[in-house]
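Here are the chains, one letter per residue:
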Amino acid sequence: MKKLLIKNMVCDRCKTLLNQEFSKAGIAIVSIKLGEIVYEENVDNDDEIIEGILKNNGFELVKDTSDMIIENIKIELINTIKNGENDIAGNMSALLSEKLNKDYSILSKMFSKREGVTIEKYYIDLKIERAKELIQMNELNFSEIGYALNYRNSSHLASQFKSVTGMSMGEYKKLQQWDRKSLDKIM
């Protein structure tokens, strides 16, 4: 068995797509989760086939330890937002330190150096993209969106939304120009 860490693998569709592509190539997957595939090695050119599958579908193989850590930070934060977990802004450092078994100051410096933004700014950007998605779905009002994203009040979300996008949530909704970014393209 061989374990691969995959960059830009951020949703269930990514897992489904790669599962199908590996299956077509005759590579048996043992397990698959966000950012990680474990498969049965069977031929000498598996590496070339896998690199091709990943490249053709917008993914990359994580080869460097720093890349692996940064990708794991992103996956943890994306999962937090997708799962509607309690707001972690207050204990983001504790959560990431525990999950990745590293001191937060090391994680923070590594992330900022590699990505050019802080972990906190990345997290806010994720929340704003999720807010855009919820606005587009038109199932929740702005207060409910704030609650769903674990903001203490909707005005805090509104000010962050305007700061990031340059427009109010109401203006964004009226425009109906859904310029959302996929989560793997935020950086």
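Parameters and conventions
Residues numbered from 1 in each chain as written. Predicted model: local features only at pLDDT ≥ 70, side-chain atom pairs only at ≥ 80, totals over all residues. Heavy atoms only, no water. Pairing = 2+ DSSP bridges. Helix = DSSP H or I, 4+ residues; strand = E, 2+ residues; numbered from the N terminus. Contact = heavy atoms within 4.5 Å. Axes fitted to C-alpha atoms, helices over the stretch in contact; angles between N-to-C directions. Expected span 1.5 Å × (residues − 1). Disulfide = S-S within 2.5 Å. Buried < 20%, exposed > 50% of the residue type's maximum accessible area, 1.4 Å probe, protein only.

Colleague: Describe the sheet that holds strand β2 (residues 29–33), with residues and values.
Modeller: Spatial ordering of the open sheet is given by β2-β3-β1-β4, a layout of four strands whose pairing is antiparallel. Among the strands making up the open sheet, the edge pair consists of β2 and β4 (60–61). Sheet topology note: the β2/strand β3 (residues 36–39) ladder contains four bridges and is antiparallel. Paired with Ile-32 across the two strands is Ile-37, which belongs to β3. Helix α1 (residues 12–24) contacts β1 (2–7), β2 and β3 of the sheet and is inclined by roughly 160° relative to β2.

Colleague: Any details on helix α6 (residues 119–137)? Residues and values, ideally.
Modeller: Between the first and last C-alpha of α6 there are 27 Å, a value that for 19 residues agrees with the 27 Å anticipated at 1.5 Å per step. Where α6 is buried, its residues touch α3 (65–82), α4 (92–100), α5 (104–115), α7 (142–148), α8 (154–165) and α9 (169–175). At the exit of α6 stands Asn-138, carrying a positive phi of roughly 60°.

Colleague: Summarise the state of the cysteines; cite the residues concerned and give the values.
Modeller: Throughout the structure, instances matching the rule amount to zero disulfides. Of the cysteine sulfurs around Cys-11, a residue in no disulfide, the closest is that of Cys-14, at 3.4 Å. The class for Cys-14 is buried, based on a relative accessible area of 10%.

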